[in-house]
Every structure is written in C-alpha cells, then in structure tokens.
Amino acid sequence: MHLYIGANPLKRHLLRESGCMVSLQQFRRRLASSVGTPRSLAGPRLPGGSGAALCAPRCCLGRARGSAHSGVGLALCRRLLEEDGRIHLCIACRNAQKSEATRDLILATHPAAQVSTVEVDLGNLASVLRVARELRCRFHRLDFVYLNAGIMPNPHVNFKALWHGLLTGRVLHMLTTAEGIMTQTDRLNGDGLQEVFATNLFGHFILVRQLESLLCGNEKPSRLIWTSSSNARESAFSLSDYQHAKGQESYSSSKYATDLTSVVLNRKFNKQGLYSSVVCPGLVMSNMTYRILPVFLWKLLMPIMWLIRFFAKTYTLTPYNGAEAHVWLFKQKPEYLDALVKYHSCTSGLGKCYVEPRKIDVDEETAEKFYQKLLELEKQTLERYSDLLD
C-alpha cells in the first residue's frame, strides 16, 4: 500500500490510536523532503498507505500506563519503526508539549521516520469527537489503531489480602493478576461518566465508532489492538453496573469490558475488513506502576521481582518487553487469529521475549448485551455534542 500525494507515491503509512503524530507544519516539511512541495493538508484527505498507525495514551495521556509519551506506548512506537521504517506513525497525546516531546524521542533513534501527532483526551468526549473529525479530514484509511490508554486512579494495595494469599498458597497467582490485592477510587468526569470506564474503554469505543469510515471496506484489513490486562476479571464486572460506580476494582472492570467489546466487534465487523485483538503487556514498570507504592519500595523489591520472573512469565518488567504482543500482532494476518484469544507478552527468567495466547474468559451472550448498552450510552451522550458530529 502506498500514500499518494498527487501522482507521487509515499510508501507505507501507519496510524495508531493511542499515542503518536506530528504537527502539521512538521508533517509538511517531511512530505516536502520526500515528494516535493506538499499540498495543503486542509485540502484533499491523505490516503492511508500500508499503514496509518494511530497510538494514544490517557486517552493517551499522561496518566496512562501505555501513553505514547512513556511506558509501553513509547516502546511500541520505536519497535514498530524497527519492524518497518516506512510506516507513518501517528501518535495521540493529551497536549502539544507531550506530543512534541514524544516525537523528539522517536526521531532521536529513528531520524528518518514519518511521525505526526494529534491531541486527544480519551476521557473527554468532546476531545474524542474533535480528533475523530480531524483524522477523517487528514486520512483516507487507518491500517492499525492501537487502543493503549489506561488509568488507575489512587491505587491501593490490600496488604491484609496479600498476607492471606501468602498463608493460603495463592500469593503467586495474586501477584501475577493483582486479584484481590488492588483497589482504586473512581470519580465522575465532566461528561457524567465514571472516569476509569470513560478513559479505559468508552472513549476508545466512541473513537472507533467515529472512525468506521476509515477502518471498514478497505482493500486490506484494518486492525484494532486493545491493551487489556491479566487483571481483567469477570468477578469485577457487572452488566447492571458496567461503569463500576459501586465497586473498588474499576480498572479490572474496565479491562474485562475491553475484552467483551473486542469479541463483539469481531462478530460485527470482520466481514467489513475490520479485526480486533486484545493483548496483555504483563507487569511493566511504568508511571502507573510506580504510583502503587513509593519508589524506594520498588527499588527494594526489584531483585525479588526479577527472581519471580522465573516462575511468573508475565513479569515483563520493561516497556520494551511489554510491547512484545503488540508488535507480534503487527506482523500477523488477522484472518488467521482467534477472536476469543488474548495475546500475552511474556518474558522468560533469562530475559527471552515471546507471546502466549490464552482464551478470553468471556460469555458471548454477555458481550452482546454489553455492546447494546454501549450503543445506548453512545446515543445518550452524543446528543449534547451534535455540533461536533458530521
């Protein structure tokens, strides 16, 4: 696939939803160096080439584990360019300063890369709708959308539960899944939605819905790759409280909701050439992780965590290792993937990275019911933003 500006081909173009893009002025300069004087980007839309990879954090944003400007998000951007330096990488960050900082970090190691940026806060529906409209103006298609945003506000460790796990022999399971030992406090955002649900799932869902024209009906398949978690547990999720307003495991609930959504999207859109996958980056030391405990405690625990990795392969620890499943999916033909599988980034005790597929523990009937609730919520919430809709 090629990106054409007039009659000039510009090879592989990639867009991803959770983290990377450049300013229009910078993008013009890059295009000029490749294909001569560029046309105004406010004019005809740019056709996505073999890839427009869109990446976004809290919705990209500063507080997300997978922000494009740090953690798995930044590592993924670099690794995608290592796989194919011809792609156009579009990164989404919450503000211009983070966008430019991310772009500079990427270009420091890949100076010839094509990188553009957009600003978006996935926890703010108006921001999501604005960026969707901008992307529809700038691109004809998106090949990859990495839905990598995630927040875990005010996480707390339940040391009593951890001690009980130690006594009952379940401590390794608890340490690898965070089951029963992590709680969070949530709050309503400006749209009247639970903040974790809005940022980790609903903002992504609205973005995908708004970008359907760029994702469906293309010559080659388009891909959604959601960052889920091994902490995505059915016990933390309830259809009657799918925003998790009443519980203390909003992160786990939102990630289970992510798994449900991916399953249904495959059923609805595979025939239109859109495929969805979920990945788990494992336990990665990132900004989000460091907020759980004081930094000095993490430094004391790190030798123990390196030892645990001999028994818990999902202790990927570094952002580079955590991006393994994301990059692996980049190289696969989606038609041959199992829609009911989550792809886990794993690292052996000796540091070898690999991907392990595991069946998603979801009920497809529940997934369908949840999807209908998302559509109802979409209809209700978008009524107030009619001026941002085409």
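As a starting point, this report considers the structure included with it. (Residues numbered from 1 in each chain as written. Predicted model: local features only at pLDDT ≥ 70, side-chain atom pairs only at ≥ 80, totals over all residues. Heavy atoms only, no water.)

Some points on the overall build of the protein
Regarding its fold elements, the protein presents 14 helices and 13 strands. For the protein, the proportion of its 390 residues judged to be buried stands at 59%. Summing over all exposed atoms, the protein offers an accessible surface of approximately 16000 Å²; the carbon and sulfur share of this is 54%. (Helix = DSSP H or I, 4+ residues; strand = E, 2+ residues; numbered from the N terminus. Buried < 20%, exposed > 50% of the residue type's maximum accessible area, 1.4 Å probe, protein only. Areas by Shrake-Rupley, 256 points an atom, 1.4 Å probe, with all protein chains shown as cover.)

Quick look at the packing of helix 7 (residues 195–210) against helix 9 (residues 250–269)
Orientation of helix 7 relative to helix 9, taken along the N-to-C sense of each, is 15 degrees, at an axis distance of 8 Å. Taken as axis vectors, helix 7 and helix 9 run roughly parallel relative to one another. As for the relative orientation of helix 7 and helix 9, their crossing is right-handed in sense. Only Ser 250, Tyr 251, Ser 254, Lys 255, Ala 257, Thr 258 and Thr 261 of helix 9 make contact with helix 7, whose side of the interface consists of Val 196, Asn 200, Leu 201 and Phe 205. Broken down by class, the residue content of the contact of helix 7 with helix 9 amounts to 5 nonpolar, 5 polar and 1 charged. (Axes fitted to C-alpha atoms, helices over the stretch in contact; angles between N-to-C directions. Parallel < 35°, antiparallel > 145°, perpendicular 65-115°, else oblique. Left-handed = near helix turned anticlockwise from the far one by under 90°. Contact = heavy atoms within 4.5 Å. Nonpolar A, V, L, I, M, F, W, Y, C, P; charged D, E, K, R; others polar.)

A few points about a nonpolar patch on the surface
On the surface, a cluster of nonpolar side chains totalling about 550 Å² of accessible area is made up of Leu 307, Phe 310, Phe 311 and Leu 350. Looking at the element boundaries, Leu 350 is found in the loop between strand 12 (341–347) and strand 13 (353–359). (Patch = residues over 30% accessible without salt bridge, like charges linked within 9 Å, V, L, I, M, F, W, Y side chains within 5 Å. Salt bridge = Lys/Arg side-chain N within 4 Å of Asp/Glu carboxyl O.)

A short note on the environment of Leu 337
Here Leu 337 is to be found in the loop between helix 13 (324–330) and strand 12. In this structure, the C-alpha to C-alpha distance between Leu 337 and Tyr 275, residues 62 residues apart in sequence, is 9.2 Å. Ignoring anything within four residues of it in the chain, the contact list for Leu 337 reads Arg 223, Ser 277, Trp 328, Leu 329, Gln 332 and Tyr 343.

Quick word on the nonpolar core
Formed by 54 residues in total, the largest nonpolar core has its most connected members in Phe 197, Phe 202, Leu 211, Leu 215, Leu 224 and Phe 370. Among the elements that make up this core, the one with the highest residue count is helix 7 (8 residues). Those residues in contact with Phe 197 that sit more than four places away from it in its chain are Phe 202, Tyr 242, Gln 243, Phe 370, Leu 374 and Leu 377. With 27 residues, the next largest nonpolar core counts Val 72, Leu 80, Ile 225 and Val 327 among its residues. (Core = buried A, V, L, I, M, F, W, Y, C linked by side-chain atoms within 4.5 Å.)

Brief notes about the pattern of salt bridges
Per the stated rule, a full pass over the model turns up 18 salt bridges. The partner of Arg 209 in a salt bridge is Glu 212, with the nearest N and O atoms 3.3 Å apart. The structure contains a network of salt bridges with shared partners spanning Arg 267, Lys 268, Glu 364 and Glu 368.

Some remarks on helix 14 (residues 364–382)
For helix 14, built from 19 residues, the straight-helix expectation of 27 Å at 1.5 Å per residue is met to within 8% by its first-to-last C-alpha distance of 27 Å. Every buried residue of helix 14 is listed here: Ala 367, Glu 368, Phe 370, Tyr 371, Leu 374, Leu 377, Glu 378, Thr 381 and Leu 382. Check the buried side of helix 14 and you find it contacts helix 4 (125–138), helix 7 and helix 9. (Expected span 1.5 Å × (residues − 1).)

Here's the deal with the pairing of strand 13
Strand direction decides the pairing type here: strand 12 and strand 13, joined by 7 bridges, are antiparallel. If you follow Lys 342 over to strand 13, its bridge partner there is Arg 358. The turn linking strand 12 back onto strand 13 is made up of 5 residues, and Gly 351 within it adopts a positive phi angle of 95 degrees. (Pairing = 2+ DSSP bridges.)

Observations regarding the packing of helix 4 against helix 7
Their axes nearest at 9 Å, the elements helix 4 and helix 7 cross at an angle of 30 degrees. Judged on the interaxial angle alone, helix 7 and helix 4 are roughly parallel. As for how helix 4 packs across helix 7, the hand of that crossing is right-handed. Taken together, the residues of helix 7 that come into contact with helix 4 (itself represented by Leu 125, Val 128, Leu 129, Val 131, Ala 132 and Arg 136) are Phe 202, Gly 203, Ile 206, Leu 207 and Gln 210. Among the residues forming the contact of helix 4 with helix 7, the class breakdown is 8 nonpolar, 2 polar and 1 charged.

So, unusual backbone geometry
Even without a glycine there, the phi angle at His 244 is positive, about 60 degrees. By secondary structure assignment, the location of His 244 is in the loop between strand 10 (222–227) and helix 9. The phi dihedral of Leu 317 falls on the positive side, at around 70 degrees, and the residue is not glycine. Locating Leu 317 in the fold gives a position in the loop between helix 11 (295–308) and helix 12 (319–322). Taking relative accessible area as the criterion, Leu 317 reaches 2% and is therefore assigned buried.

So, helix 7
Remark: the principal bend of helix 7, roughly 40 degrees, maps to Phe 202. Counting buried positions along helix 7 yields 15 of 16 residues, so the element is predominantly enclosed. (Bend = angle between axes of the 7 residues up to and from the residue.)

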